[in-house]
Amino acid sequence: MLNLEKEVRKLENSSIDMLHFDVMDGVFVNNISYGLPILEQVRKITDITLDVHLMIIDPIRYVRRFAEAGADIISFHTESESDIGETIREIKAAGAKAALAIKPATPPEAVYDYLNELSMVLVMTVEPGFGGQSFIPETMEKVKAIKQRIDELGLDIRIEVDGGINDVTGIEASTCGADVLVSGSYLFKAENMADAAGKLRKA
Ligand code: ZN
């Protein structure tokens with residue numbers, strides 16, 4: 001965290017497509033991460049797409065401010081307390097792309113009514129709240145179901161997976177229909193980040 005600019009440059013040099021930014025409020029999840037001031041600073045130093053994942057209890061109160069701080073895509077949870085349709089509208093009115101996230105125990109049907117309004121669906125492949133957890137293979141059934149639904153409707157929506165993604169689980173997720181692989185520990189612990197990112201891209 002104290003070398004954030006250096007880490008952002010490293011990610012850029014590894015040709016990643018987006019920077020995934022986890023926001024935790026200590027209520028929706030037990031952990032507290034970072035918020036608007038850090039996002040504003042990151043926006044100032046990079047043009048990379050900023051993919052903001054809000055793990056907060058009442059996202060509708062904050063989505064406009066995250067969009068103004070530089071978020072390109074904003075994900076929030078169906079399990080939050082905000083009205084889903086209104087929150088999607090607020091994100092889009094603020095000029096960002098809207099994505100809906102589901103935790104491992106939430107059925108895929110939770111996002112179906114909103115697919116027409118979304119740019120992306122985020123399927124959590126671990127319980128949200130902490131980095132470095134193991135991938136939950138059962139979540140792949142949901143990726144398949146959502147992918148099938150999107151294809152049936154002929155929509156252009158990406159499926160993002162987040163949690164425990166490495167060169168092995170990344171291939172599994174991609175085979176099931178995931179388009180966007182979020183990876184933290186796997187990239188940051190790799191001896192060569194660009195090589196590790198290349199493996200994910202190949203997946
Ligand atoms: Zn995330």
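Going by the structure above, here's the rest.
Residues numbered from 1 in each chain as written. Predicted model: local features only at pLDDT ≥ 70, side-chain atom pairs only at ≥ 80, totals over all residues. Heavy atoms only, no water.

(A) Just the sheet that holds strand E1 (residues 18-24), in detail. Reading across from one edge, E1-E2-E3-E4-E5-E6-E7 is the order of the 7 strands in this open sheet, with parallel pairing throughout. Every interior strand has two partners, whereas the edge strands, E1 and strand E7 (180-182), have only one. For this sheet the average axis-to-axis angle between neighbouring strands, irrespective of direction, equals 20 degrees. Judged from the 4 bridges that link them, strand E4 (residues 97-102) and strand E5 (residues 120-124) form a sheet pairing that is parallel. When the sheet's bridge partners are listed, Leu-100 is paired in E5 with Val-121. Each of E4, E5 and strand E6 (158-162) touches helix H5 (residues 140-153); the most contacted strand, E6, lies at about 170 degrees to it. (Pairing = 2+ DSSP bridges. Helix = DSSP H or I, 4+ residues; strand = E, 2+ residues; numbered from the N terminus. Axes fitted to C-alpha atoms, helices over the stretch in contact; angles between N-to-C directions. Contact = heavy atoms within 4.5 Å.)

(B) Quick peek at the packing of aromatic side chains. Inspection of every chain in the model, using the stated rule, returns 1 aromatic pair. Here the aromatic rings of Phe-21 and Tyr-34 are separated by 4.7 Å at their centres, their planes lie at 50 degrees, and the arrangement is tilted. With Phe-21 in strand E1 and Tyr-34 in the loop between E1 and helix H2 (36-45), this residue pair connects regions lying 13 residues apart in the sequence. Here Tyr-34 falls in the partly exposed class, since its relative accessible area comes to 26%. A cation over a ring is seen here: Lys-103 above Phe-28, with NZ or CZ 5.0 Å from the ring centre. (Phe/Tyr/Trp six-rings, centres within 6.5 Å; stacked < 30°, edge-to-face > 60°. Buried < 20%, exposed > 50% of the residue type's maximum accessible area, 1.4 Å probe, protein only. Lys NZ or Arg CZ within 6 Å of the ring centre and 35° of its normal.)

(C) Region of the structure containing the coordination of the zinc ion. Every protein donor of the zinc ion is listed here as His-20 (NE2), Asp-22 (OD), His-53 (ND1) and Asp-162 (OD), and their distances to the metal cover 2.0 to 2.2 Å. For the zinc ion, the 4 donor atoms are set out with angles of 91 to 167 degrees between them, so the coordination reads as irregular. Going along the chain, you hit the donors of the zinc ion in the pattern H-x1-D-x30-H-x108-D. Of this pair, His-20 sits in strand E1 while Asp-162 sits in strand E6, and the two are 142 residues apart along the sequence. The same class applies to His-20 as to Asp-162, namely buried. (Donors = N, O, S within 2.8 Å, 3.2 Å for Na, K, Ca; no water. Tetrahedral: all angles 85-135°; square planar, octahedral: opposite > 155°, others 65-115°.)

(D) Quick peek at the environment of Arg-158. Positionally, Arg-158 belongs in strand E6. Looking at Arg-158, the relative accessible area reads 45%, which means it is partly exposed. In the structure, Arg-158 is positioned 42 residues away from Asn-116 in sequence and 12 Å away in space, judged by C-alpha atoms. In this structure Arg-158 touches Met-18, Ser-119, Met-120, Val-121, Asp-179 and Val-180, once residues within four positions along its chain are discounted.

(E) Local environment of the environment of Thr-78. With respect to the element layout, Thr-78 can be found in the loop between strand E3 (73-77) and helix H4 (84-93). Taking the relative accessible area as the measure of exposure, Thr-78 reaches 14% and is therefore buried. A sequence separation of 32 residues divides Thr-78 from Ala-110, and the C-alpha atoms of the two residues are 7.1 Å apart. Filtering out sequence-adjacent residues up to four positions away, Thr-78 remains in contact with Ile-84, Leu-100, Ala-101, Ile-102, Thr-106, Ala-110 and Val-111. Of the polar contacts made by the side chain of Thr-78, one reaches the side chain of Glu-79; its length is 3.5 Å. (Polar contact = N/O pair within 3.5 Å; in protein donor to acceptor, adjacent residues only side chain to side chain.)

(F) Looking closely at H5. Counted at 1.5 Å a residue, the expected span for H5 with its 14 residues is 20 Å, and the 20 Å between its end C-alpha atoms agrees. Along H5, the residues classified as buried are Met-140, Lys-142, Val-143, Ile-146 and Ile-150. Considered in projection along H5, the buried side chains sweep an arc of 150 degrees and stay on one side of the axis. Residues Glu-141 and Glu-152 are exposed on H5 and point more than 90 degrees away from its buried face. Tucked inside the fold, the buried residues of H5 contact E4, E5, E6 and helix H6 (167-176). Gly-154 lies just past H5 and shows a positive phi near 65 degrees. (Expected span 1.5 Å × (residues − 1). Arc of directions from axis to C-beta.)

Spatial relationships are all this shows, so hold off on functional conclusions.
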